[in-house]
Structure formats: C-alpha cells, structure tokens
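Coordinate inspection notes
Here is how the chains run, residue by residue.
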Amino acid sequence: MKQTMPIEGKFELMSLPYAPDALQPVISAHTLEFHHGKHLAAYVSNLNAALPDSGLEGQPLEQIVLNAQGGILNNAGQILNHNLYFSQFRAPRADNAPEGRLAQAINEEYGSFEAFRDIFAKAGATLFGSGWAWLSADSQGNLRISQEPNAANPIQHGLRPLLTMDVWEHAYYLDYQNRRPDHLAALWQIIDWSVIEQRYNDL
Ligand code: MN
C-alpha cells in the first residue's frame, strides 16, 4: 500500500480530486464542505499538533496507524480512512460496476456484483454507532467485507483497504438525516471503480 509521508513534520489536508458539487445529488457540496473542509481538516490539525515529541514524528501515516494509541491513533486513523474515502468518488453514473480482475474476484466470492452490494450495504447499515464499512483484500487477493468501529482501518488486521463507506453521521446527516441506508444505496452511483481496481491490482 502506498505510504503517506509528512512534509516537514506535518501531514496535509488532501485535495479533493473533483469539484465540491461534482457528486451531487448523492453527496451535496454542503456536506462535502463540512466533511472535508471541517471534519477531515480538524483530524489533520489535531494529529499535527500531537505528533511533536510523540516518538512517531516522521513516520508515514500508515505506520502511525499501526504503531500509535489513543488520540494520535484516532486522528491518524480518521485521516487515512477519509483519504481513501474521498479519493474513491467521481460524478454519478447510473450504470456503475467494477471490471476486470476485481469484478472476477467479486463474482467468485459473492456470486454476483448485486449480491456483493447487498452484503456490503448491510454491513454499513447494521454497524452500531460510528464507524466504517470496508472491502479489503488479504495478501492472496481474497476479498473481505468488514465493519470497523470509530477510526479503525483494515490495515490493523493485515488487510489492504479497497473500498469504504463512512457511516459516521457527519457523512450523511445534512443530506439524508437518519436515513443511513438510503445514503449508502446512493453511494454506488459515485464509486470510481477504476480507483478501487487500482488498489486491488497494487498487490
Ligand atoms: Mn467522516
């Protein structure tokens, strides 16, 4: 997995690879402005403030997630999770599905893309409280769907994260209020499967 290095001791807020209104109506510009510009920015600022004299200065973000505890782990985990989350989207498309090796692996593991989506959506909808639903791969390329609480990431279990859905209320409440399953169902329209396939093929 690609490592995210600090620059002069500090991590940067990732730039969105699309315009703030590009994901509408699935995710509004208003939600993106808060989610990326306030929530993620705060995790970055908090981590940068906590790193000096922590013994973790200079490590890549992914190593900090594996080595840290407490507040540093929570903020670093949330940065890693959100970097993966925000970089996996593009403008809505009605007919949107994976291709190639990843599509084949999904069909082998779950029977069909539709069956995979149902299992993944259920993982997101039934996660109690705040957290993330994940599709990951093990070192053999086998796929796993999991629920991770709060700021946790599959790399903590030796897995490679491919696709994620943020089920913290801040990810959807402005647009969907309490209707988390509706938000998760809509997200399939904006997944950039070329990004997910690239993560899968980068074994
Ligand atoms: Mn979030």
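Whatever comes next refers back to the structure up there.
The following refers to the structure shown. Quantities reported herein were computed from a predicted structural model and do not represent experimental measurements.

So, the overall build of the protein chain
- A tally of regular secondary structure across the protein chain gives 8 helices and 3 strands.
- Listed by position from the N terminus, the elements making up the protein chain come as α-α-α-α-α-β-β-β-α-α-α.
- Against the compact-globule benchmark of 17 Å for 203 residues, the protein chain has a radius of gyration of 16 Å, which places it among compact chains.
- In terms of overall dimensions, the protein chain has a C-alpha envelope of 50 × 40 × 30 Å along the principal axes.
- The proportion of buried residues among the 203 residues of the protein chain is 49%.
- By sequence separation, contacts in the protein chain at least 24 residues apart represent 70% of the contacts at least 6 residues apart.
- Accessible area for the protein chain stands at about 9,600 Å²; split by element, carbon and sulfur atoms hold 50% of it.
- Here the protein chain contributes 13 positive and 22 negative side-chain charges, whose respective centroids are spaced 2 Å apart.

Overview of the coordination of the manganese ion
- Summarising the metal site, the manganese ion is bound by the protein donors His 35 (NE2), His 82 (NE2), Asp 166 (OD) and His 170 (NE2), whose distances to it range over 1.9 to 2.1 Å.
- Read in sequence order, the donor residues for the manganese ion give the motif H-x46-H-x83-D-x3-H. In this pair, His 82 sits in helix α3 (residues 70-86) while Asp 166 sits in strand β3 (residues 160-166), placing the two residues 84 residues apart along the sequence. Accessibility classification places His 82 together with Asp 166 in one group, the buried group.

Quick word on unusual backbone geometry
- The residue after Gln 24, namely Pro 25, is reached through a cis peptide bond having omega 0°.
- The topology assignment puts Pro 25 in the segment before α1 (29-50).
- Positive phi values are uncommon outside glycine, yet Glu 8 reaches one of about 50°.
- Mapping Glu 8 onto the fold places it in the segment before α1.
- In this structure Glu 8 comes out as exposed when scored by relative accessible area, which is 80%.

Let's talk about the packing of aromatic side chains
- Taken as a whole, this structure holds 13 aromatic pairs when the rule is applied.
- Relative to Trp 193, the ring of Phe 113 has its centre 5.6 Å away and its plane inclined at 80°; by these criteria the two rings are edge-to-face. Residue Phe 113 is located in helix α5 (residues 113-126), and its partner Trp 193 is located in helix α8 (residues 193-201); the two are separated by 80 residues in the primary sequence.
- Of the residues examined, Phe 113 reaches a relative accessible area of 11% and is grouped as buried.
- Note on Trp 193: relative accessible area 3%, which makes it buried.
- Linked through ring pairs, Tyr 110, Phe 113, Phe 116, Phe 120, Trp 188 and Trp 193 together constitute an aromatic cluster.

Re the sheet that holds β3
- Spatial ordering of the open sheet is given by β2-β1-β3, a layout of 3 strands whose pairing is antiparallel. Two strands bound the open sheet, and with one partner strand each, they are β2 (143-149) and β3. Ignoring which end each strand starts from, the neighbouring axes of this sheet average 25° apart.
- Inspection of the sheet shows strand β1 (residues 131-137) paired to β3 by 6 bridges, in the antiparallel sense. In the sheet register, Trp 134 faces β3, and the bridge partner there is Thr 164.
- Along the sheet face, helix α4 (residues 100-110) touches β1 and β2 and points at about 80° away from the line of β2.

Some words on the packing of α4 against α5
- Taken N-terminus to C-terminus, the directions of α4 and α5 make an angle of 70°; their axes are 8 Å apart at the nearest point. Relative to α5, the element α4 is oriented roughly perpendicular. Only Phe 113, Ala 115, Phe 116 and Ile 119 of α5 make contact with α4, whose side of the interface consists of Ile 106, Asn 107 and Tyr 110.
- Among the residues forming the contact of α4 with α5, the class breakdown is 6 nonpolar, 1 polar and no charged.

A few points about the side chain of His 183
- Residue placement: His 183 occurs in helix α7 (residues 180-187).
- Using a relative accessible area of 1% as the deciding quantity, one classes His 183 as buried.
- Excluding residues within four positions of it along the chain, His 183 makes contact with Val 26, Ile 27, Tyr 85, Ala 171, Tyr 172 and Tyr 176.

Some details on the pattern of salt bridges
- Under the defined criterion, the tally for this structure stands at 2 salt bridges.
- For Arg 144, the salt bridge identified is with Asp 138, shortest N-O distance 3.9 Å.
- Residue classification places Arg 144 among the partly exposed positions, given a relative accessible area of 41%.
- When the shortest N-O distance is used, the salt bridge between Arg 179 and Asp 182 registers 3.3 Å.

Criteria and thresholds
Residues numbered from 1 in each chain as written. Predicted model: local features only at pLDDT ≥ 70, side-chain atom pairs only at ≥ 80, totals over all residues. Heavy atoms only, no water. Helix = DSSP H or I, 4+ residues; strand = E, 2+ residues; numbered from the N terminus. Rg over C-alpha atoms; globule rule 2.2 N^0.38 Å. Buried < 20%, exposed > 50% of the residue type's maximum accessible area, 1.4 Å probe, protein only. Contact = heavy atoms within 4.5 Å. Areas by Shrake-Rupley, 256 points an atom, 1.4 Å probe, with all protein chains shown as cover. Lys, Arg positive; Asp, Glu negative; His and termini not counted. Charge placed at Lys NZ, Arg CZ, Asp CG, Glu CD. Donors = N, O, S within 2.8 Å, 3.2 Å for Na, K, Ca; no water. Phe/Tyr/Trp six-rings, centres within 6.5 Å; stacked < 30°, edge-to-face > 60°. Pairing = 2+ DSSP bridges. Axes fitted to C-alpha atoms, helices over the stretch in contact; angles between N-to-C directions. Parallel < 35°, antiparallel > 145°, perpendicular 65-115°, else oblique. Nonpolar A, V, L, I, M, F, W, Y, C, P; charged D, E, K, R; others polar. Salt bridge = Lys/Arg side-chain N within 4 Å of Asp/Glu carboxyl O.

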